[in-house]
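# Observations on the model geometry
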Amino acid sequence: MVLRSILMKLTNEDKIVLFRFTIGVVYGVLVFVLSLFIDPLTLSPYIWGASVLVYYFTLIYVAYKYRPTSRFQLYIRGLATYYAAWLLVSILLKNMFCPL
């Protein structure tokens, strides 16, 4: 109940950033799991290419769900959050569970 009331108070921009952060964390976990089975140097070009496709998915979802009022909200809001989240999550998980 408390979480729901907090989410209801968020602005559209906050909801967009939170959504892209969540997708970034999920993508970071996926990258970590894949890096356990595939060499990270081999995996890297595919992961970066797929990250763009995942971000385009967020564009479609944000346009449909939140109806942004500007192109900045649609294309740029949360971009750094998305990329920072998946990079940091995948790096931190790799360092925590696969030490040298």
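Residues numbered from 1 in each chain as written. Predicted model: local features only at pLDDT ≥ 70, side-chain atom pairs only at ≥ 80, totals over all residues. Heavy atoms only, no water.

## Topic: the side chain of Arg 20
Residue placement: Arg 20 occurs in helix H2 (residues 12-37). Put simply, Arg 20 is tucked away with no salt bridge, and the nearest opposite charge, on Glu 13, sits 10 Å away. At 3.4 Å, the side chain of Arg 20 and the side chain of Tyr 55 are in polar contact. A polar side-chain atom of Arg 20 sits 2.4 Å from the main-chain carbonyl oxygen of Arg 77. For Arg 20, the residues in contact, after removing those within four places along its chain, are Tyr 55, Thr 58, Leu 59, Val 62, Gln 73, Leu 74, Tyr 75, Arg 77, Gly 78 and Tyr 82. (Helix = DSSP H or I, 4+ residues; strand = E, 2+ residues; numbered from the N terminus. Buried < 20%, exposed > 50% of the residue type's maximum accessible area, 1.4 Å probe, protein only. Lys, Arg positive; Asp, Glu negative; His and termini not counted. Salt bridge = Lys/Arg side-chain N within 4 Å of Asp/Glu carboxyl O. Polar contact = N/O pair within 3.5 Å; in protein donor to acceptor, adjacent residues only side chain to side chain. Contact = heavy atoms within 4.5 Å.)

## Topic: unusual backbone geometry
For Arg 67, which is not a glycine, the phi torsion comes out positive at approximately 45°. With respect to the secondary-structure elements, Arg 67 resides in the loop between helix H3 (40-65) and helix H4 (71-76). For Arg 67, a relative accessible area of 56% puts it in the exposed group.

## So, the layout of surface pockets
Within this model, the largest pocket holds a volume of roughly 240 Å³. Of the residues contributing to the lining of the largest pocket, the split by class is eight nonpolar, three polar and one charged. (1 Å grid on protein atoms, 1.4 Å probe; cavity = no way out; pocket = protein on both sides within 12 Å on 5 of 7 lines; lining within 4 Å. Points joined across faces, edges and corners; volume = space filled by probe spheres on them. Nonpolar A, V, L, I, M, F, W, Y, C, P; charged D, E, K, R; others polar.)

## Some words on the nonpolar core
The biggest cluster of nonpolar side chains holds 15 residues, and the ones touching the most others in it are Tyr 27, Ile 47, Val 62, Tyr 82 and Trp 86. Among residues more than four places away in sequence, those in contact with Trp 86 are Gly 24, Tyr 27, Gly 28, Val 31, Ile 47, Trp 48 and Ser 51. (Core = buried A, V, L, I, M, F, W, Y, C linked by side-chain atoms within 4.5 Å.)

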